[in-house]
Amino acid sequence: MHKLLENIFGWLYPLLRKLHFGDTLASYISLIINIVELCVLAYAIYIVFRLLLVTLMAVVAKRTKTHFDDLLVTNQTAKYIAHLIPFLFIYKSVPVILQSFVRWESIFGKLVGVYIVILTLWIIRSVLKSVRDFLKDQERFSDKPIDSYIQVIMIILWSFGTMVIIYEIFDVDSGTILGTLGAISAIIILIFRDTILGFVASVQVSLNDMVRIGDWITFDKFGADGDVIEINLATVKVRNFDNTTTTIPTYSLISDSFRNWRGMLNSDGRRIKRHILVKAKSIRFLNDVELDKMKRIQLITHYIETRQNDIHKYNNQYNIDKSLAINGRNMTNFGLFRKYITSYLENYPGINKDMILLCRQLQPTAQGIPLEIYAFSKDQRFEQYEYIMADIFDHIMASIPYFDLEIYEISTEDKKGII
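Residues numbered from 1 in each chain as written. Predicted model: local features only at pLDDT ≥ 70, side-chain atom pairs only at ≥ 80, totals over all residues. Heavy atoms only, no water.

**Q** Sorry, what's going on with the overall build of the protein here?
**A** Secondary structure summary: the protein contains 17 helices and eight strands in total. Of all 419 residues assigned to the protein, the portion counted as buried reaches 33%. Of the contacts formed within the protein by residues at least 6 apart in sequence, a portion of 63% connects residues at least 24 apart. Summed over its atoms, the accessible surface of the protein is roughly 25900 Å², and 59% of this surface lies on carbon and sulfur atoms. (Helix = DSSP H or I, 4+ residues; strand = E, 2+ residues; numbered from the N terminus. Buried < 20%, exposed > 50% of the residue type's maximum accessible area, 1.4 Å probe, protein only. Contact = heavy atoms within 4.5 Å. Areas by Shrake-Rupley, 256 points an atom, 1.4 Å probe, with all protein chains shown as cover.)

Shown next as structure tokens:
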């Protein structure tokens, strides 16, 4: 090959003589021939090692049970290593080939050294990406912000790599580099402000277990209401329930207030807290005839009988004048309705009976008396939760006429008054 290259580059002799290279003519041609030979040999080494490493890793990945080596193949780790080996060969050969050309040896060696540093970082990055993908498939790590940790490690490695590159190009010692970085630290902090804040936030989010991948969060400031699908160093991605994606700065998770529904999903029930408005004018006392009629409602039959006996006993004991309904003790249609709803909830299969369950009256308003249901559904899933709540209130609104009560609605006169 060496003889063939000498014949090929024979056309350089006249040109170099015209450029007055004199006695160095042969050395320049020899230099060019050696460089070409080195490049050809390095490319041959690359082809051999790429074929060997890529094939070997693919075979190993197919035969092993672990999924990690498959991820190494996917992230092209073997390909980057195959790139690195010929450049290491070139780096070691440059001082020998260019020993008579000190200036070119320095320039060429530094360029190859820089590329070796970058290739090394690429290899480490591909391995870390494989580790990230592997851990995400593990159940105990699937909800952890692995991306944030990988990005922090890569930032540190790129920082060290940048220092090595600067040292390689300018022959500056590490102490001088660190001193220079300290002098311009204010500018660095300004440039990497979001990265630094994101790093601090990622650490706090992880240590305090504030957010995990898969958590349902609500962040009104950014219009986010859905599941966390990714936690990075700078951002948190939320897939909303309308299938849109909201990107939230990681630092906002510790600087602003948001709602994490994980506790509810991990609990034994999801809270139902909703009310209806009952017209105040429809609330009244019930007489014995009306009570006897309502005894046909099976859920409160026993309650009415027991309560009615207690009231009659009290009124007779104290000679209460019942010519007016307001005298003595009485039952109201609203109170009886509350008891009915409580009994209905206690028998409803979708309600968790081991958690708080009540039907209560709230502060009266200009629109009526709020009757609130406070209970917990057994099923926390969104669809089932909404179905249970709607089913309960369907029954409540259909039951109101049986107690001679009315739900408040804005009438035509009310609308005119509002206008």
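**Q** I tried to follow the packing of helix H15 (residues 333-347) against helix H16 (residues 382-399) on my own but got confused; where do I start?
**A** A pair of packed helices is captured by two measures, namely the crossing angle of their axes and the spacing between those axes. Direction vectors running N to C along H15 and H16 enclose 150°, while the axes themselves pass 11 Å from each other. Here H16 runs roughly antiparallel to H15, going by the angle between their axes. Handedness of the H15/H16 crossing: right-handed. Contact residues: Phe337, Tyr340, Ile341, Tyr344 and Leu345 in H15; Asp391, Ile392, His395, Ile396 and Ser399 in H16. Of the residues that constitute the contact of H15 with H16, the class distribution is seven nonpolar, two polar and one charged. (Axes fitted to C-alpha atoms, helices over the stretch in contact; angles between N-to-C directions. Parallel < 35°, antiparallel > 145°, perpendicular 65-115°, else oblique. Left-handed = near helix turned anticlockwise from the far one by under 90°. Nonpolar A, V, L, I, M, F, W, Y, C, P; charged D, E, K, R; others polar.)

**Q** Teacher, can you tell me more about the layout of surface pockets here?
**A** The probe, sized like a water molecule, is rolled over the atoms to show the empty space still left. Taken as a whole, the second largest pocket spans an internal volume of roughly 260 Å³. Lining the second largest pocket are 16 residues, and of these Leu286, Asp288, His312, Lys322 and Asn330 lie nearest its centre. Mapped by element, the contributors of at least two residues to the lining of the second largest pocket are helix H13 (288-294) and helix H14 (301-317). For the lining of the second largest pocket, the leading source of residues is H14, giving five residues. Tallied by class, residues from the lining of the second largest pocket come to seven nonpolar, six polar and three charged. (1 Å grid on protein atoms, 1.4 Å probe; cavity = no way out; pocket = protein on both sides within 12 Å on 5 of 7 lines; lining within 4 Å. Points joined across faces, edges and corners; volume = space filled by probe spheres on them.)

**Q** Sorry, what's going on with the packing of aromatic side chains here?
**A** Any two aromatic rings considered together are summarised by their centre-to-centre distance and by the angle between their planes. Counted according to the given criterion, the structure contains 16 aromatic pairs. Seen in terms of ring centroids, Tyr43 and Tyr46 are 6.2 Å apart; in terms of plane orientation they differ by 45°. Their pairing is tilted. One end of the pair is Tyr43 and the other is Tyr46, both in helix H3 (residues 25-63) and three residues apart, which spans about a single turn. Taking 5.3 Å as the distance between ring centres and 75° as the angle between the ring planes, the aromatic pair formed by Trp216 and Phe241 counts as edge-to-face. Residue Trp216 is located in strand S1 (residues 216-219), and its partner Phe241 is located in the loop between strand S3 (235-240) and strand S4 (245-249); the two are separated by 25 residues in the primary sequence. The buried category is assigned to Trp216, whose relative accessible area is 8%. When its relative accessible area of 45% is taken as the criterion, Phe241 is described as partly exposed. Lying across the ring of Trp261, Arg270 places its NZ or CZ 5.9 Å from the centre. (Phe/Tyr/Trp six-rings, centres within 6.5 Å; stacked < 30°, edge-to-face > 60°. Lys NZ or Arg CZ within 6 Å of the ring centre and 35° of its normal.)

**Q** Explain the confidence of the model for the protein to me, please; I cannot follow it from the model alone.
**A** Close reading of the predicted structure is inappropriate where its pLDDT is low. Overall, the predicted model of the protein reaches an average pLDDT of 82, with 84% of residues at or above 70. Averaged pLDDT values for the elements of the protein fall to 46 in helix H1 (residues 2-8) and rise to 96 in H15. Contacts of residues 4-13 to residues separated by more than four positions or lying in other chains number 13 contacts, the stretch itself having pLDDT below 50. Segment residues 15-23: pLDDT under 50, and six contacts once partners within four positions in sequence are set aside and those in other chains are kept. (pLDDT = per-residue confidence, 0-100.)

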